[in-house]
Amino acid sequence: PELDELLLMHPFFMERARGLAVITPEAAEEWGVLGPNARASGLFSQDERRKRPSGAYRDAGLSESLAASGGDVLARVSIRAAEILESARLIESAFRRIPSGNFRIRVGMEVSPSKGIAAASVEGPRGAITAFAEAGGGNCPANVRFFPPSAMAVQLLPSLLRGIQVEDAFLVIHSLDISFSEVDK
């Protein structure tokens, strides 16, 4: 709530951020934009926690309000602020559901994956993180590749930055929450 008052509802920020660097739902789908950036463009279904709930997400009751339709800097920043509060609520809810007692799971050190290819996705703070693994039958994978959400978002920068004022570039880049170390493979 204080964040809303100090930043999101501040007239200067709203004036600069509203309508700036809009990502339409069509562009978000075409470029494979994921997570909060996709939800800020109205693609509510782009949430791995909803598509394939696992662990604590099954019973967490995710908020229905984590979507916007503007697709601009204001929508992206608003979604991220809402997701911070939602994450705190989910953590608190998960802690309340932890059963009492001593739980220890013993896991052997040697894992022998079956021969073949597997893929899995999990919702991270920037969107779905997808991993592909190929096993050749030995005790370690033959190939593992990760596809982070920042790799999709960074592709939009040239079109989003074209024609804007230099002082707004900071807002645009940071509203996408790109991790450049994720992108630099």
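In what follows, the accompanying structure is described.

The rules behind these values
- Residues numbered from 1 in each chain as written.
- Predicted model: local features only at pLDDT ≥ 70, side-chain atom pairs only at ≥ 80, totals over all residues.
- Heavy atoms only, no water.
- Pairing = 2+ DSSP bridges.
- Helix = DSSP H or I, 4+ residues; strand = E, 2+ residues; numbered from the N terminus.
- Axes fitted to C-alpha atoms, helices over the stretch in contact; angles between N-to-C directions.
- Salt bridge = Lys/Arg side-chain N within 4 Å of Asp/Glu carboxyl O.
- Buried < 20%, exposed > 50% of the residue type's maximum accessible area, 1.4 Å probe, protein only.
- Contact = heavy atoms within 4.5 Å.
- 1 Å grid on protein atoms, 1.4 Å probe; cavity = no way out; pocket = protein on both sides within 12 Å on 5 of 7 lines; lining within 4 Å.
- Points joined across faces, edges and corners; volume = space filled by probe spheres on them.
- Core = buried A, V, L, I, M, F, W, Y, C linked by side-chain atoms within 4.5 Å.
- Phe/Tyr/Trp six-rings, centres within 6.5 Å; stacked < 30°, edge-to-face > 60°.

Looking now at the sheet that holds strand β3 (residues 141-147). Spatial ordering of the open sheet is given by β1-β2-β3, a layout of three strands whose pairing is antiparallel. Only two strands of the sheet have a single neighbouring strand rather than two, namely β1 (116-124) and β3. Pairwise comparison of adjacent strand axes, ignoring direction, gives a mean angle of 15° for this sheet. The pairing of strand β2 (residues 127-135) with β3 spans six bridges and is antiparallel. What sits directly across from A131, in β3, is F146.

Enumeration according to the criterion identifies seven salt bridges in this entry. With a shortest N-O distance of 3.2 Å, E123 and R39 are connected by a salt bridge. Of this pair, E123 sits in strand β1 while R39 is found in helix α4 (residues 35-40), placing the two residues 84 residues apart along the sequence. For the pair E123 and R39, a shared accessibility class is recorded, and that class is buried. For D177, the salt bridge is made with R126, and the minimal N-O distance between the two is 3.5 Å. Within this pair, whereas D177 is found in the loop between α9 (166-175) and α10 (180-183), its partner R126 is found in the loop between β1 and β2, the two being separated by 51 residues in sequence.

On to the environment of V77. Examined against the element boundaries, V77 turns out to sit in helix α6 (residues 73-97). Between the alpha carbons of V77 and L8 there is a distance of 7.7 Å; along the sequence they are 69 residues apart. The contact partners of V77, leaving out residues within four places of it in the chain, are L7, L8, F13 and S175.

Attention now moves to the layout of surface pockets. Taken as a whole, the second largest pocket holds about 160 Å³ of empty space. Lining the second largest pocket are 15 residues, and of these L34, E48, S121, A128 and T130 sit closest to its centre. Elements represented by at least two residues in the lining of the second largest pocket include exactly α5 (48-51), β1 and β2.

Grouped together as the largest cluster of nonpolar side chains are 22 residues, with contacts concentrated most on V73 and L160. Counting only elements with at least two residues in this core, the list comes to α2 (11-17), α6, α8 (157-161) and α9.

Using the criterion set out here, one finds one aromatic pair in the structure. Considering the side-chain rings of F132 and F147, the 5.4 Å spacing of their centres and the 80° angle between planes classify their relative orientation as edge-to-face. In this pair, F132 is assigned in strand β2 and F147 in strand β3, connecting sequence segments 15 residues apart.

Relative to the elements of secondary structure, E83 occurs in helix α6. You can call E83 buried: its relative accessible area is 11%. Taking the C-alpha atoms as reference, E83 lies 21 Å from F170; in sequence the two are 87 residues apart.

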